[in-house]
Amino acid sequence: DESRKRKPSGTGARPAASKSAKRPEGHTPRPPNAWILYRSEQIRALKSDKELSKKPQSDISKLIGHMWREESDEVKRWYESEAELRKLEHRIKYPG
């Protein structure tokens with residue numbers, strides 16, 4: 001039965017929201033977690049690498065993901081505590 005055949009993945013699906021997509025007025029951003037804080041810092045540090053800056057963001061994220069997994073527990077704890085601090089600041093800035 002033709003009507004029972006599945007569409008290929010991605011067909012008819014809603015497109016992913018882009019970073020430049022307009023947010024509704026009053027949208028509350030989420031506070032960054034430990035991984036996002038770490039990734040942001042590493043992106044800034046790696047920007048000076050000309051070869052790396054030519055790679056797609058997905059490849060850079062994979063590299064940084066590997067770096068994160070290799071980090072010491074002490075470094076991860078620092079980013080986790082920083083994320084908790086950001087979460088507290090977020091609650092003050094966006095109560096409710």
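This text gives an overview of the structure that appears in the document.

Conventions used here
Residues numbered from 1 in each chain as written. Predicted model: local features only at pLDDT ≥ 70, side-chain atom pairs only at ≥ 80, totals over all residues. Heavy atoms only, no water. Salt bridge = Lys/Arg side-chain N within 4 Å of Asp/Glu carboxyl O. Buried < 20%, exposed > 50% of the residue type's maximum accessible area, 1.4 Å probe, protein only. Helix = DSSP H or I, 4+ residues; strand = E, 2+ residues; numbered from the N terminus. Core = buried A, V, L, I, M, F, W, Y, C linked by side-chain atoms within 4.5 Å. Contact = heavy atoms within 4.5 Å. Expected span 1.5 Å × (residues − 1). Arc of directions from axis to C-beta. Phe/Tyr/Trp six-rings, centres within 6.5 Å; stacked < 30°, edge-to-face > 60°. Lys NZ or Arg CZ within 6 Å of the ring centre and 35° of its normal.

1. Observations regarding the pattern of salt bridges
In this structure the tally under the stated criterion is three salt bridges. Here E51 makes a salt bridge to K54, at a shortest N to O gap of 3.7 Å. The same class applies to E51 as to K54, namely exposed. K87 is the salt-bridge partner of E84, the closest N and O atoms lying 3.3 Å from each other. A residue pair is termed a helical-turn pair when its members lie 3 or 4 positions apart in one helix, as E84 and K87 do in helix α4 (residues 73-93) at three residues. Judged by its relative accessible area of 43%, E84 falls in the partly exposed class.

2. Regarding the nonpolar core
Counting 11 residues, the largest nonpolar core consists of A34, L37, Y38, I43, L46, L52, I60, I64, W68, Y79 and A83. Listing elements by their share of this core, those giving two or more residues are α1 (34-46), α3 (57-70) and α4. At five residues, α1 tops the list of elements feeding residues into this core. Sequence-distant contacts of I64, that is, excluding residues within four places in its chain, are made with W35, Y38, R39, Q42, I43 and L46.

3. Focus: α4
Taking 1.5 Å per residue, 21 residues should reach 30 Å; α4 reaches 30 Å between its end C-alpha atoms and fits that length. If you check which residues of α4 are buried, you get K76, Y79, A83 and H90. Seen along its axis, α4 keeps its buried residues to an arc of 65°; they face one direction. Structural note: α4 exposes E74, R77, R91 and I92 on the side pointing more than 90 degrees away from its buried face. Check the buried side of α4 and you find it contacts α1 and α3.

4. A closer look at the packing of aromatic side chains
To describe a pair of aromatic rings, one takes the distance between the centres and the angle between the planes. In the structure shown here, the tally under the stated rule is four aromatic pairs. With a centroid separation of 5.2 Å and 85° between ring planes, the pair formed by Y38 and Y79 is classed as edge-to-face. Taken as a pair, Y38 in helix α1 and Y79 in helix α4 lie far apart in primary sequence, 41 residues in all. Y79 gets classed as buried once you look at its relative accessible area, which sits at 6%. Ring geometry for W78 and Y79: centres 4.9 Å apart, planes at 85°, overall edge-to-face. Three or more aromatic residues link up through ring pairs in this structure, and these residues are Y38, W68, W78 and Y79. Against the face of W68 rests K76, its NZ or CZ located 5.7 Å from the ring centre.

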